[in-house]
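Per-entry structural report
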Amino acid sequence: MSLTTSLRLLTSALAMSHGPAPAWAQSTPAPALNLELNAAQPSEKGCRLTFVVNNALGADLSKAAFEIALFNEAGVVDRLTVLDFKDLPAGKTKVTRFDLAGADCGKLSRVLINSTTECAGNGVEPAACMRGLKTSTKTAIAFGV
C-alpha cells in the first residue's frame with residue numbers, strides 16, 4: 001500500500017470518527033424537579049407565594065414537601081415552615097399557592113429550600129426531590145437551596 005493510500009484511509013477514518021455521536025452516547029437531560037418562585041403578593045393573611053413546579057424526575061410523586069426558611073430584609077431568618085406540594089405527576093406542570101400568615105412580602109428578601117421533608121412516589125428514592133431540585137425566580141426575592 002502506498003503512503004498516499006495510507007494517508008487517505010487514515011484521513012477518512014478520522015473524519016468518520018468525528019461524525020455525529022451514536023444514539024447511546026447522546027446525553028439525556030438529568031432528572032429534575034423544577035421549582036420556580038413565580039410571585040409574592042400581599043394577601044388577607046399575610047404573604048401569598050405562588051410557585052410553578054414541573055416534575056421532570058421521570059416518575060409520579062405522590063407527595064413532595066419542603067422545609068423553607070424565610071429571611072427578612074436584614075437577611076435574618078424570620079421563620080421556618082413546610083410547603084406541601086402534594087402530588088406531582090411526571091411531566092406535569094402545576095401552579096400552587098401558599099399563604100404565609102403574618103408574613104410581609106415587602107420585607108421578604110430570600111426564600112431558602114432548607115430540606116425535603118417528604119418525597120414519595122413509585123420507584124422514587126427519598127433523596128431524589130432534593131438532588132434533582134432546580135430553582136428559579138420571577139420575583140425580586142432570592143430563591144434557591
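Provided above is the structure to which this section pertains.
Rules and cut-offs
- One numbering rule holds for all chains: residues counted from 1, following each sequence as written.
- This being a predicted model, a pLDDT of at least 70 is required before a residue's local features are given, and a value of 80 or more before pairs of side-chain atoms are given or counted; all residues contribute to the totals for chains, interfaces and linings.
- Side-chain metrics in this entry use all non-hydrogen atoms of the structure; hydrogen atoms and water are not considered.
- Within this scheme, the nonpolar core is defined by two criteria: the residues are buried Ala, Val, Leu, Ile, Met, Phe, Trp, Tyr or Cys, and they are joined through side-chain atoms within 4.5 Å.
- Three labels apply to residues, based on accessible area from a 1.4 Å probe with only protein chains included: buried if under 20% of the type maximum, exposed if over 50%, partly exposed otherwise in between.
- Labels follow the DSSP assignment, with helices taken as runs of H or I lasting at least four residues and strands as runs of E lasting at least two, numbered in each case from the N terminus.
- The contact criterion used is simple: two residues touch if any of their non-hydrogen atoms lie within 4.5 Å.
- DSSP-based pairing: two strands are paired if at least 2 bridges between them are found.
- Between N-to-C directions, angles span 0 to 180 degrees; the directions come from axes that are lines fitted to C-alpha atoms, helices contributing only their stretch in contact.
- Working definition: a disulfide is two cysteine sulfur atoms within 2.5 Å of each other.

1. Overview of the nonpolar core
Counting residues in each nonpolar core, the largest one holds 31 residues, and the members touching the most others are Leu33, Leu35, Leu49, Phe51, Leu61, Phe85 and Val111. Secondary structure elements with two or more residues in this core: β1 (32–42), β2 (46–56), β3 (61–71), β4 (77–88), β5 (93–101), β6 (110–120) and α2 (128–131). Per-element accounting of this core gives the leading share, five residues, to β3. With near-sequence residues (within four places) excluded, Leu49 lies in contact with Leu37, Ala39, Ala40, Thr96, Arg97, Phe98, Leu100, Leu108 and Val111.

2. Looking at the sheet that holds β5
One open sheet holds the four strands; their spatial order is β5-β2-β1-β7, and the pairing between them is mixed. The sheet terminates laterally at β5 and β7 (133–137), the two strands that pair on one side only. Taking each pair of neighbouring strands and ignoring which way they run, the sheet shows an average axis angle of 25°. Where β2 meets β5, nine bridges bridge the pair, whose relative direction is antiparallel.

3. So, the state of the cysteines
Taken as a whole and assessed by the stated rule, the structure comprises two disulfides. The disulfide bridge from Cys47 ends at Cys105, spanning 1.9 Å between sulfur atoms. Torsion about the S-S bond of the Cys47 and Cys105 cystine: about 105°, corresponding to right-handed handedness. With a gap of 58 residues between them, Cys47 in strand β2 and Cys105 in the loop between β5 and β6 connect regions that are remote in the sequence. Classification of Cys47 by relative accessible area gives buried; the value is 0%. With a sulfur-sulfur separation of 2.1 Å, Cys119 is cross-linked through a disulfide to Cys129. One quick way to see it: the torsion about the S-S bond of Cys119 and Cys129 is about 80°, and its sign makes the bridge right-handed. With Cys119 in strand β6 and Cys129 in helix α2, this pair connects stretches of sequence that are ten residues apart. What makes Cys119 buried here is its relative accessible area of 8%.

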